[in-house]
Amino acid sequence: MTEEEHNFEVADAGSSLTYPLQCSALRKGGFVVIKGRPCKVVGMSTSKTGKHGHAKVHLVGLDIFTQRKYEDLSPSTHNVEVPFVKRTELELLDIDDGYLNMMTDSGETKQDVKAPEGDLGDKLQADFDDGKEIVVTIVSALDEEACISYREAPSS
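As the structure is a computational prediction, the values presented were derived from the model and not from experiment. (Residues numbered from 1 in each chain as written. Predicted model: local features only at pLDDT ≥ 70, side-chain atom pairs only at ≥ 80, totals over all residues. Heavy atoms only, no water.)

A look at unusual backbone geometry
(1) Moving on: Within the chain, Lys35 stands out as a residue other than glycine whose phi angle is a positive 55°.
(2) Moving on: With respect to the helices and strands, Lys35 occurs in the loop between β2 (31–34) and β3 (37–47).
(3) Moving on: With relative accessibility at 64%, the residue Lys35 sits in the exposed group.
(4) Moving on: A positive phi angle is found at Gln67, which is not glycine, with a value near 65°. (Helix = DSSP H or I, 4+ residues; strand = E, 2+ residues; numbered from the N terminus. Buried < 20%, exposed > 50% of the residue type's maximum accessible area, 1.4 Å probe, protein only.)

Details of the nonpolar core
(1) Moving on: The biggest cluster of nonpolar side chains holds twelve residues, and these are Leu90, Leu92, Ile95, Leu100, Met102, Val113, Leu124, Phe128, Ile134, Val136, Ile138 and Cys147.
(2) Moving on: For this core, the secondary-structure elements that each account for two or more residues are β7 (86–96), β8 (99–103), α1 (118–129) and β10 (134–141).
(3) Moving on: Not counting the four nearest positions on each side in its chain, Val136 is found in contact with Thr88, Glu89, Leu90, Leu92, Met102, Leu124, Cys147, Ser149 and Tyr150.
(4) Moving on: If you look at the next biggest cluster of nonpolar residues, it comprises eleven residues, including Cys23, Val32, Val57 and Leu59. (Core = buried A, V, L, I, M, F, W, Y, C linked by side-chain atoms within 4.5 Å. Contact = heavy atoms within 4.5 Å.)

Describing the pattern of salt bridges
(1) Moving on: Per the counting criterion, the structure on display carries six salt bridges.
(2) Moving on: Across the salt bridge formed by Arg37 and Asp63, the nearest N and O atoms sit 2.6 Å from each other. Taken together, the residues span a long stretch of sequence, with Arg37 in strand β3 and Asp63 in strand β4 (residues 56–63) at a distance of 26 residues.
(3) Moving on: For the salt bridge of Asp127 with Lys132, the shortest nitrogen-to-oxygen distance reads 3.5 Å.
(4) Moving on: Looking at Lys132, the relative accessible area reads 31%, which means it is partly exposed.
(5) Moving on: One salt-bridge network, in which partners are shared between bridges, spans Arg37, Asp63 and Glu144. (Salt bridge = Lys/Arg side-chain N within 4 Å of Asp/Glu carboxyl O.)

Things to note about the packing of aromatic side chains
(1) Moving on: Counting across every chain of the model gives one aromatic pair.
(2) Moving on: Ring geometry for Tyr19 versus Phe84: centroids 5.0 Å apart, planes at 45°, classification tilted. Here Phe84 lies in the loop between β6 (79–83) and β7 and Tyr19 lies in strand β1 (residues 18–22), a separation of 65 residues in the sequence.
(3) Moving on: Of the residues examined, Tyr19 reaches a relative accessible area of 34% and is grouped as partly exposed. (Phe/Tyr/Trp six-rings, centres within 6.5 Å; stacked < 30°, edge-to-face > 60°.)

Describing α1
(1) Moving on: Here α1 contains twelve residues, and its C-alpha end-to-end distance of 17 Å stays within 8% of the 16 Å for a straight helix at 1.5 Å per residue.
(2) Moving on: Buried within α1 are the following residues: Gly121, Leu124, Asp127 and Phe128. Down the axis, α1 shows its buried residues gathered within 135° of arc, on one side only. Those residues of α1 that are exposed and aimed more than 90 degrees away from the buried face are Asp119, Asp122, Lys123 and Asp129.
(3) Moving on: Its buried side turned inward, α1 meets β7, β8, β10 and β11 (144–152).
(4) Moving on: Following α1 by one or two positions, Gly131 adopts a phi angle in the positive range, close to 85°. (Expected span 1.5 Å × (residues − 1). Arc of directions from axis to C-beta.)

Some words on the sheet that holds β2
(1) Moving on: Across the sheet, four strands lie side by side as β2-β3-β4-β5; this open sheet has antiparallel pairing. Each edge of the open sheet carries a strand with a single partner, namely β2 and β5 (69–75). In this sheet, neighbouring strand axes are inclined to one another by 45° on average, regardless of whether the strands run parallel or antiparallel.
(2) Moving on: Here β2 runs beside β3; their pairing, made up of four bridges, is antiparallel. Each bridged residue has a counterpart across the sheet, and for Val33 the counterpart in β3 is Pro38. (Pairing = 2+ DSSP bridges. Axes fitted to C-alpha atoms, helices over the stretch in contact; angles between N-to-C directions.)

So this is what it looks like as structure tokens:
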């Protein structure tokens, strides 16, 4: 009998990226997957239908990464997918070739998040160039990550 070698690269429990929730249980400010994109619910309205039909829920959501608007119409008794959304704050070490170089709480470096574009990216670069210590907020959902905001680190 030979012993097999097991090599585990990731400590993932095989969990899903989303969970089901009845459409009527959604609320404004919550999250939902619309057309495959993680969205924050900014508007919803319920319409009653005919004699034997289902009440329908009209959802309006903003993509949490691109701020693009998505809409969906779904029966209120049906389940919709809700993404697991995780927010983390990390210390910014460097901005290199359009990517953020950050330090996690465990002291490891993380370099796979793109620097934000537009006004947020310009302000972040300017404040970093001024030598300020910065803490960035990273949001992750559906295997996607993005920097959505930053603040100056409190001086210790």
